[in-house]
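Listed below are the residues making up each chain.
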Amino acid sequence: MTGSAFAQALESGVELLRSLPRRRAAVPAARAAARDWAARHPAVAAQLVVDERPGTPVVDYDLLLDHPGGGTVALTAPAEDGVPWLVDHSTHWAAGQLVSVDGVHVSVSQALTMLRTLSRGDASPYQEIVDQCLLAAALEEAGDDVPVSAADLQATADAFRRGRGLHDRAATLAWMAAAGMSGEQFESYLAGIARRRRFRAAKEAELAPRHLAAHRADFARVRAIWVTGPAKVVAGRAGELAGEAAAHEEAVVTVGTRWEHELPEALRGAAPGDVVGPAPLASGGFLTGAVLSRTVAGDDPETLAAAGRAAFGGWLAERRAAAKVDWHW
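A. Geometry of the sheet that holds strand β1 (residues 47–52). On the basis of which strands lie adjacent, the open sheet formed by three strands has the order β1-β2-β3 and antiparallel pairing. Sheet topology places β1 and β3 (72–75) at the edges, where each strand pairs with a single neighbour. Each neighbouring strand pair of the sheet contributes to a mean axis angle of 25 degrees, computed without reference to strand direction. Direction of pairing for β1 relative to strand β2 (residues 59–66): antiparallel, over a ladder of six bridges. For Glu52, the partnering residue across the bridge sits in β2 and is Val59.

Right, dumping it as structure tokens:
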């Protein structure tokens with residue numbers, strides 16, 4: 001790339017920055033405009049950095065460009081008061097940032113909001129934050145800048161409140177106050193959840209048929225009974241399991257219908273009526289169980305939905321393994 005070409009990119013980059021909307025709700029549109037600009041100037045490997053100021057709907061931007069001689073050039077072009085946000089904040093753009101994942105930057109305050117509102121019992125805080133960044137990056141790659149409908153926003157809000165026991169306006173306002181969210185910030189946050197739900201639903205539907213075809217045995221519907229506990233439970237027939245378990249005070253009996261891949265590992269693939277175990281458990285103790293019945297997986301909506309969820313988990317795990325993660329400790 002020649003010096004004159006880089007100079008032209010600089011001039012064009014300044015015009016891009018000055019044209020970007022500075023409202024928080026318009027950030028997806030700004031990112032889309034920056035992607036289009038970057039596609040026209042591939043040699044500079046442009047990255048748009050967005051600073052979302054706490055307590056205000058106003059955002060600021062920097063444009064990072066690869067210099068032809070090596071290194072990076074950062075462009076800032078404030079359109080109003082003339083004070084670059086870098087100087088206005090008296091700090092580097094990454095100060096206050098907790099982690100960057102494939103170009104998605106998360107501040108400490110955003111991470112705390114994630115942990116307060118999105119925590120899952122099966123994921124570490126680190127993994128959860130990374131996963132949310134990966135979903136944000138995937139949304140950006142997909143160019144999903146379609147506004148969230150009022151109906152989707154309301155449905156997301158209703159599900160959010162139900163999941164946290166916020167059954168009335170007072171409880172919701174108390175939660176917002178505890179989380180340090182204004183009404184506008186709360187609505188923006190819900191819109192983000194709605195976009196991620198919309199993306200996930202579409203991705204699951206896309207991945208489900210192929211995943212089911214490749215792993216059909218995993219989605220048989222299996223009714224089974226199993227006993228877990230510190231002592232070995234021995235039974236000759238499936239019908240004897242509950243009775244034998246009753247002789248052991250600490251034994252836990254489970255009876256239910258599961259997808260094949262959700263069964264305890266020792267029971268997967270077992271023939272109906274056969275008693276399996278006592279088998280040692282990785283967590284300690286033993287399992288004895290039996291499959292009562294098995295129905296081969298079909299292509300019905302319920303099975304496809306389960307396959308889509310499993311496929312999405314695998315897709316996200318692959319992105320996590322390939323992601324570039326920088327923790328700003």
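Still to come is the rest of the account.
B. Region of interest: the environment of Arg23. Note that Arg23 resides in the loop between α1 (3–19) and α2 (27–40). On a C-alpha basis, the gap between Arg23 and Asp60 in space is 8.9 Å, while along the polypeptide they are 37 residues apart.

C. Geometry of unusual backbone geometry. Omega for the peptide link from Gly277 to Pro278 comes to 10 degrees, which places this bond in the cis form. Its location among the elements puts Pro278 in strand β8 (residues 275–280). Positioned with a positive phi, Ala45 is a non-glycine residue whose angle comes to about 45 degrees. Along the chain, Ala45 falls in the loop between α2 and β1.

D. A look at the side chain of Glu260. Locating Glu260 in the fold gives a position in the loop between β7 (252–259) and β8. At a separation of 2.7 Å, a polar atom in the side chain of Glu260 contacts the main-chain amide nitrogen of Gly269.

E. Layout of the pattern of salt bridges. Inspection of the entire model under this criterion finds seven salt bridges. Two residues, Arg161 and Asp158, come together in a salt bridge whose shortest N-O distance is 2.8 Å. Taken together, the residues span about one helical turn, with Arg161 and Asp158 both in helix α6 (residues 150–163) at a distance of three residues. Looking at Asp158, the relative accessible area reads 26%, which means it is partly exposed.

F. Geometry of the packing of α6 against helix α8 (residues 183–214). Contact geometry of α6 with α8 gives a least axis separation of 9 Å together with a crossing angle of 100 degrees. As summarised for this structure, α6 and α8 are arranged roughly perpendicular, according to the angle between their axes. Residues Leu153, Ala155, Thr156, Ala157, Ala159 and Phe160 of α6 touch α8, and the partners they reach there are Phe186, Glu187, Tyr189, Leu190, Ala191, Ile193, Ala194 and Arg197. Per-class residue counts for the contact of α6 with α8 are eleven nonpolar, one polar and two charged.

G. Expanded view of the sheet that holds β8. With respect to topology, four strands assemble into an open sheet ordered β7-β6-β9-β8, the strand pairing being antiparallel. Both edges of this open sheet fall to β7 and β8, since each of them pairs with a single strand only. Direction aside, the axes of adjacent strands within the sheet are offset by 25 degrees on average. Alignment of strand β6 (residues 221–229) against strand β9 (residues 286–295), held across nine bridges, turns out to be antiparallel. Looking at the pairing, Ala224 lines up with Val291 of β9.

Cut-offs applied
- Residues numbered from 1 in each chain as written.
- Predicted model: local features only at pLDDT ≥ 70, side-chain atom pairs only at ≥ 80, totals over all residues.
- Heavy atoms only, no water.
- Pairing = 2+ DSSP bridges.
- Helix = DSSP H or I, 4+ residues; strand = E, 2+ residues; numbered from the N terminus.
- Axes fitted to C-alpha atoms, helices over the stretch in contact; angles between N-to-C directions.
- Polar contact = N/O pair within 3.5 Å; in protein donor to acceptor, adjacent residues only side chain to side chain.
- Salt bridge = Lys/Arg side-chain N within 4 Å of Asp/Glu carboxyl O.
- Buried < 20%, exposed > 50% of the residue type's maximum accessible area, 1.4 Å probe, protein only.
- Parallel < 35°, antiparallel > 145°, perpendicular 65-115°, else oblique.
- Contact = heavy atoms within 4.5 Å.
- Nonpolar A, V, L, I, M, F, W, Y, C, P; charged D, E, K, R; others polar.

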